[in-house]
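Structural features, examined
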Amino acid sequence: MKTTIVIPTYNEVENVRPMAEALLALNLHNPDILIVDDESPDGTGQVAEALSEEYPGRVHVLHRNGPRGLGRAYVDGFVWALDHGAEAVVQMDCDFSHSPRDVPRLLAGLAEYDVAVGSRYVEGGETDEDWELGRELLSWWANLYARIILTSPIRDITAGFKAWRAETLQGIDLNSIESQGYIFQVEMTYVASQLGYQIAEIPIYFEDRRVGESKMTMPVKIEAALGVWRIWQRHHHLDPSDRQSV
């Protein structure tokens, strides 16, 4: 399948080149790499532009200067990918917490499923052994909290490493996705599940970011906790008949 890998960035100047080059080295059939940069003040966008010149037709850059936010960046990236003929779309972080080596495994999951989620919480999945106990418990609790409220069977509903069939993204009303922070990941997975799409969870090892600072601040955590309820209110009524026509 023609694949586009969407990578949102904000202050990832030390990671963006190694990540792009690791993805280009994979044994995949000429995937497009789309870097969606939110006007990073550290120069990430300029490095991305240099990569697009070094790898023309392979690395692309979308500079966003409107409202910032992870959710909006991903939606804009998805729309770009679909407009450019992608048949499969991978979404992943730039900080190597999502390993490029796992991208082929997620894409392979699309042979039988509509969405493949890189999961920390199914058999074989792991988180970084250097995580502090408090962080590990918070991640586990956040998943359980969201799963209970949304009555979701997905073990890692907060996961942000996913592969989508193009038809699945086209079947979702992306304009209805309002979450901007990390809760965006929950909203997309929940909506896909409500619409009846088949979701596979592929076990991954979730590494801590190699360089740079985490963007999971306390306000982001609070927004995520409150956002789960808003997601339920907006989307609990959905069923497969609400899929957008392709």
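Just so it is clear, the model here is predicted, and its values are computed rather than measured.

Some points on the side chain of serine 40
- Mapped onto the elements, serine 40 comes out in the loop between β2 (32-37) and α2 (44-54).
- Given the relative accessible area of 8%, serine 40 is considered buried.
- Beyond its immediate chain neighbours, meaning those up to four positions away, serine 40 contacts Thr9, Tyr10 and Asn11.

Describing the sheet that holds strand β8 (residues 199-203)
- If you walk across this open sheet you meet the seven strands as β3-β2-β1-β4-β7-β5-β8, and the pairing is mixed. Two strands close off the open sheet at either side, each with one partner strand: β3 (59-63) and β8. Taking the axes of each pair of neighbouring strands and ignoring which way they run, one obtains an average angle of 20° across the sheet.
- Against the sheet, α2 makes contact with β1 (3-9), β2 and β3, and its axis sits at roughly 145° relative to β3, the strand it touches most.

Points about helix α7 (residues 183-194)
- A rise of 1.5 Å per residue sets the reference length of α7, with its 12 residues, at 16 Å; its end C-alpha atoms lie 17 Å apart and thus fit the reference within 8%.
- In terms of residue burial, α7 counts as a mostly covered element, since 10 of its 12 residues are buried.
- Looking at α7, one finds that the buried residues are Ile183, Phe184, Gln185, Val186, Glu187, Met188, Thr189, Tyr190, Val191 and Ala192.
- The positive-phi residue at the C-terminal boundary of α7 is glycine 196, with phi of around 90°.

Quick word on a nonpolar patch on the surface
- On the surface, Leu138, Trp140, Trp141, Leu144 and Ile148 cluster together into a nonpolar patch covering about 510 Å² of accessible area.
- With a relative accessible area of 30%, leucine 144 lands in the partly exposed category.

Definitions and limits used
Residues numbered from 1 in each chain as written. Predicted model: local features only at pLDDT ≥ 70, side-chain atom pairs only at ≥ 80, totals over all residues. Heavy atoms only, no water. Helix = DSSP H or I, 4+ residues; strand = E, 2+ residues; numbered from the N terminus. Buried < 20%, exposed > 50% of the residue type's maximum accessible area, 1.4 Å probe, protein only. Contact = heavy atoms within 4.5 Å. Pairing = 2+ DSSP bridges. Axes fitted to C-alpha atoms, helices over the stretch in contact; angles between N-to-C directions. Expected span 1.5 Å × (residues − 1). Patch = residues over 30% accessible without salt bridge, like charges linked within 9 Å, V, L, I, M, F, W, Y side chains within 5 Å. Areas by Shrake-Rupley, 256 points an atom, 1.4 Å probe, with all protein chains shown as cover. Salt bridge = Lys/Arg side-chain N within 4 Å of Asp/Glu carboxyl O.

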